[in-house]
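# Geometric and topological summary
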Amino acid sequence: MLQKNPAFAGVPGPVVVIVMDGYGIPKHTVGSAIDAARKPTLDRLFAQYPNITLRAHGTAVGMPSDDDMGNSEVGHNAIGAGQVYAQGAALVADAIAAGTIWQGAAWQETVAAAKAGNGGVLHFIGLFSDGNVHSHIDHLKAMVAQARAEGVKTVRIHALLDGRDVPETSALDYVVPFEAFLDEISADGFDARIASGGGRQTITMDRYDANWPMVARGWRTHVLGEGPQFANATEAVQGLRERNPGTIDQDLPEFVIADGGKPIGTIEDGDAVVFYNFRGDRAIEITRAFVEDDFSEFDRVRRPRVTYAGMLQYDGDLHLPERFLVTPPAIRNTSGEWFSKTGLAQFACSETQKFGHVTYFWNGNRSGKFEGETWQEVPSDVVPFEQRPWMKAAEITDAMIAALQSGRYKVLRCNYANGDMVGHTGNFRAATMAIEAVDLALSRLLRAVDAAGGVALVTADHGNADEMFELDKKTKEPAVNEDGSYKAKTAHTLNPVPLILYDNVSGGRLGLEQTGTAGLSNIAATVANLLGLQKHERWDDSLLVVK
Ligand SMILES: O=C(O)[C@@H](CO)OP(=O)(O)O
Ligand SMILES: [Mn+2]
Ligand SMILES: [Mn+2]
């Protein structure tokens, strides 16, 4: 149990944490959908309530360096756990640098399987960029080189084009040099090629059961070798762009590399497969398709018997997958666990696209609930989100208001996906509407917080809608296309995020302290203090000031 806090008895009602996904504090007004949005509620919050900024990127959330943007996994892990752990990106880079990854049983079994018999093939499937949100292409490069050194003969890569964590049409910046690298090392009986691929929002990388047909399409591409054929991945990207003008990388259709009409990299019995993303949410569904005996999400047509390894274990509760190359951070003593042990009922809500963020990531990459937790998922639309920038903000608000009115919960949390999911489309107009939808939702939700005698912490996990244009590397001004239009930016940002204390109950006694290191991992202790509790000893400090 968490101990009572002698300094403050707690607010009368519940404490609500509201995550506005993808809402950073912009540095420039040009290109900021947040500045362009009409948002009277947020304007009032910033003007009238205690608010500070929090670090939400780089080492403050466990990324390898401060050049790394934040993302939902590391952000929600830090908020939920109240602590910063070295995250997948850092753990994998370190394991490769130290060589420990090659000594692990998982890598050795994978290589052994690919070498056994004749013609065993080692396949790598994953996100093909240096975004460092789900994967890093340098990890792939190191594994291909090591596989060659250990005597693997054939490597096939299934490349998911990014354009979401990196510039929106940058696929060739990765594909061209990588195909050159593969060409160069394909000698002396070693043969490594890209065999298939497609946009990450079109195939394979669905999450939270939002769109299984996407995963089925990926399976048919990578495993069965079905799809439009090209001679190599460079030609595939060029050809698909010609056939789909204006389509950005993440949305490109699938492609298959073939020699004389025959796909070069179908996945067969006896092969080994490494899914090289370290982040779990978008890795779980395709992993299930490979490892589950009883599988009914789609018709696999043919299920090859393969030695399958994940870069990390993606779900510690479900042991998914059982074989993994690098041990994930052991995220312990999360706020969900300790509020549960203190006997507090907790409510978590989001729409499908972010549901796992407020449950699985929040609880330290665990799919199970702690006692006293209630989770509510609002099904997301399955459409491009620039067509529905309001997403499910209204329905999430309805659910939160009902939960507040029920009087059952002492700690509540929700995530509004809009700023992030619409921000990722690169559509500026839609992103302003996304922020406006969140603002409207907040105006309703905060009234219900007042009615319950509670307080809210309004924050975000990382930026996105705050910078919708690429900045020119030299001038730091928004970069322009040949036709004079701004270059759309689809990725997260490095900007800090707000932390606002919405409090109409303490009579002005409560404030927030802007410390030099204030970051997402300080939120859990702040919530504990607002509840009248001391923080867990492992959590980073509370930012609450009591006058
Ligand atoms: O869509 C995703 O998978 C990532 C970006 O790669 O965004 P977020 O971290 O906000 O979930
Ligand atoms: Mn996010
Ligand atoms: Mn995002």
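Keep in mind it's a predicted model, so treat the numbers as computed, not measured.

### Here we look at the coordination of the manganese ion (ligand 3)
- Protein coordination at the manganese ion (ligand 3): the donors are D420 (OD), D420 (OD), H424 (NE2) and H492 (NE2), at 2.1 to 2.3 Å from the metal.
- Taken together, the six donor atoms surrounding the manganese ion (ligand 3) define angles of 57 to 170° at the centre, an arrangement classified as irregular.
- Read N to C, the donor residues that coordinate the manganese ion (ligand 3) are spaced as D-x3-H-x67-H.
- Here the manganese ion (ligand 2) and the manganese ion (ligand 3) are spaced 4.3 Å from one another. Placement of D420 in helix α15 (residues 418–423) and of H492 in the loop between β14 (455–459) and β15 (497–503) is noted, with a sequence separation of 72 residues between them.

### Describing the coordination of the manganese ion (ligand 2)
- Around the manganese ion (ligand 2), the donor atoms from the protein are D21 (OD), S72 (OG), D461 (OD) and H462 (NE2), and they sit 1.9 to 2.2 Å away.
- Read from N- to C-terminus, the donor residues coordinating the manganese ion (ligand 2) fall into the pattern D-x50-S-x388-D-H.

### Some points on the pattern of salt bridges
- Per the stated rule, a full pass over the model turns up 25 salt bridges.
- Its salt-bridge partner being E109, residue R323 comes within 2.6 Å of it at the nearest N-O pair. Of the two residues, R323 is situated in the loop between β10 (307–310) and α12 (335–341) and E109 in helix α6 (residues 105–115); the sequence distance between them amounts to 214 residues.
- Judged by relative accessible area, R323 falls into the partly exposed class, the value being 25%.
- One salt bridge in this structure joins D281 and R207, with 2.9 Å as the shortest N-O distance. Taken together, the positions of D281 in the loop between β9 (272–275) and α11 (284–291) and R207 in the loop between β5 (191–199) and α9 (212–222) put the pair 74 residues apart, joining distant regions of the chain.

### Structural notes on the nonpolar core
- One finds F124, F128, V144 and I157 to be the most contacted residues of the largest nonpolar core, which totals 172 residues.
- Sort the elements by how many residues they give to this core and helix α16 (residues 428–451) lands first, with eleven residues.
- Shared between two domains, this core holds at least three residues of each, these being domain 1 (15–87 + 330–546) and domain 2 (89–310).
- Contact partners of F128, with chain neighbours within four places excluded, come to I137, L140, I157, A159, L160, Y174, V175, F178, I194 and Y276.

### Here we look at the UniProt feature "active site" (unreviewed entry) in the protein chain
- In this numbering, the UniProt entry assigns the feature "active site" (unreviewed entry) to S72.
- One can find S72 in helix α3 (residues 72–81).
- With near-sequence residues (within four places) excluded, S72 lies in contact with D21, N77, R279, K354, H357, F361, D461, H462 and H492.
- Engagement of the side chain of S72 in a polar contact is seen with the side chain of H357, the distance being 3.0 Å.

### Some details on the environment of R207
- The class for R207 is buried, based on a relative accessible area of 3%.
- When the C-alpha positions of R207 and T352 are compared, they lie 8.6 Å apart, and in sequence the two are 145 residues distant.
- Leave out the neighbours within four places in its chain, and R207 touches R279, D281, R282, E285, Q353, K354, H357 and M421.

### A few points about the layout of surface pockets
- In this structure, the largest pocket spans a volume of roughly 1,200 Å³.
- The wall of the largest pocket is formed by 33 residues, among which P167, E470, L471, K473 and K489 lie closest to the centre.
- Of the residues belonging to the lining of the largest pocket, the class tally is eleven nonpolar, eight polar and 14 charged.
- When its volume is computed, the second largest pocket comes out at roughly 460 Å³.
- Lining the second largest pocket are 21 residues, and of these Q201, D251, V383, P384 and F385 sit closest to its centre.
- In terms of residue class, the lining of the second largest pocket is made up of eight nonpolar, seven polar and six charged.
- Each of domain 1 (15–87 + 330–546) and domain 2 (89–310) accounts for three or more of the residues forming the lining of the second largest pocket.

### Description of the domain arrangement of the protein chain
- Domain annotation for the protein chain reports domain 1 (15–87 + 330–546) and domain 2 (89–310).
- Contact residues are listed per partner, giving 26 residues for domain 1 and 23 residues for domain 2.
- Summed over both sides, the interface of domain 1 with domain 2 buries roughly 1,900 Å², with 53% coming from carbon and sulfur.
- Every element with two or more residues in the side of domain 1 that touches domain 2 is listed here: α3 and α13 (352–361).
- Examining the composition of the side of domain 1 that touches domain 2, we find that eight residues originate from one element, α13, more than from any other.
- Grouping the constituent residues of the side of domain 1 that touches domain 2 by class yields eleven nonpolar, eleven polar and four charged.

### Considering empty space enclosed by the protein
- All told, the structure shown has three cavities of 30 Å³ or more when counted by the stated rule.
- Size it by volume and the largest cavity reaches roughly 100 Å³.
- Along the wall of the largest cavity there are 13 residues; nearest its centre are V17, F339, W362, V411 and R413.
- Looking at the lining of the largest cavity, the elements that each hand over two or more residues are α12, β11 (346–351), β13 (411–416) and α17 (523–530).
- Residues of the lining of the largest cavity, tallied by class, amount to ten nonpolar, two polar and one charged.
- Here the second largest cavity is characterised by a volume of approximately 80 Å³.
- Around the second largest cavity, the lining comprises 14 residues; the ones closest to its centre are H134, R207, R279, H424 and H492.

### A short note on the UniProt feature "binding site: Mn(2+) 1" (unreviewed entry) in the protein chain
- Taking the numbering used here, the UniProt-annotated feature "binding site: Mn(2+) 1" (unreviewed entry) corresponds to D420, H424 and H492. Spatially, the listed residues are clustered: although they cover 73 residues, their C-alpha atoms lie within 7.9 Å of one another. Lining the second largest cavity, from the set of annotated residues above, are D420, H424 and H492.
- Overall, D420 belongs to the buried group, its relative accessible area being 1%.
- With residues near it in sequence (within four places) discarded, D420 still touches D21, G22, K354, H462, N464 and H492.
- Mapped onto the secondary structure, H424 falls in the loop between α15 and α16.
- If near-sequence neighbours (up to four positions away) are discounted, H424 is found in contact with R164, Q250, N464, T490 and H492.

Reading the values: the criteria
- Residues numbered from 1 in each chain as written.
- Chains lettered and ligands numbered in written order.
- Predicted model: local features only at pLDDT ≥ 70, side-chain atom pairs only at ≥ 80, totals over all residues.
- Heavy atoms only, no water.
- Donors = N, O, S within 2.8 Å, 3.2 Å for Na, K, Ca; no water.
- Tetrahedral: all angles 85-135°; square planar, octahedral: opposite > 155°, others 65-115°.
- Helix = DSSP H or I, 4+ residues; strand = E, 2+ residues; numbered from the N terminus.
- Salt bridge = Lys/Arg side-chain N within 4 Å of Asp/Glu carboxyl O.
- Buried < 20%, exposed > 50% of the residue type's maximum accessible area, 1.4 Å probe, protein only.
- Core = buried A, V, L, I, M, F, W, Y, C linked by side-chain atoms within 4.5 Å.
- Domains from an automatic or database assignment.
- Contact = heavy atoms within 4.5 Å.
- UniProt positions renumbered as here; feature names shortened; annotations may be inferred.
- Polar contact = N/O pair within 3.5 Å; in protein donor to acceptor, adjacent residues only side chain to side chain.
- 1 Å grid on protein atoms, 1.4 Å probe; cavity = no way out; pocket = protein on both sides within 12 Å on 5 of 7 lines; lining within 4 Å.
- Points joined across faces, edges and corners; volume = space filled by probe spheres on them.
- Nonpolar A, V, L, I, M, F, W, Y, C, P; charged D, E, K, R; others polar.
- Buried area = accessible area lost by both parts, 1.4 Å probe.

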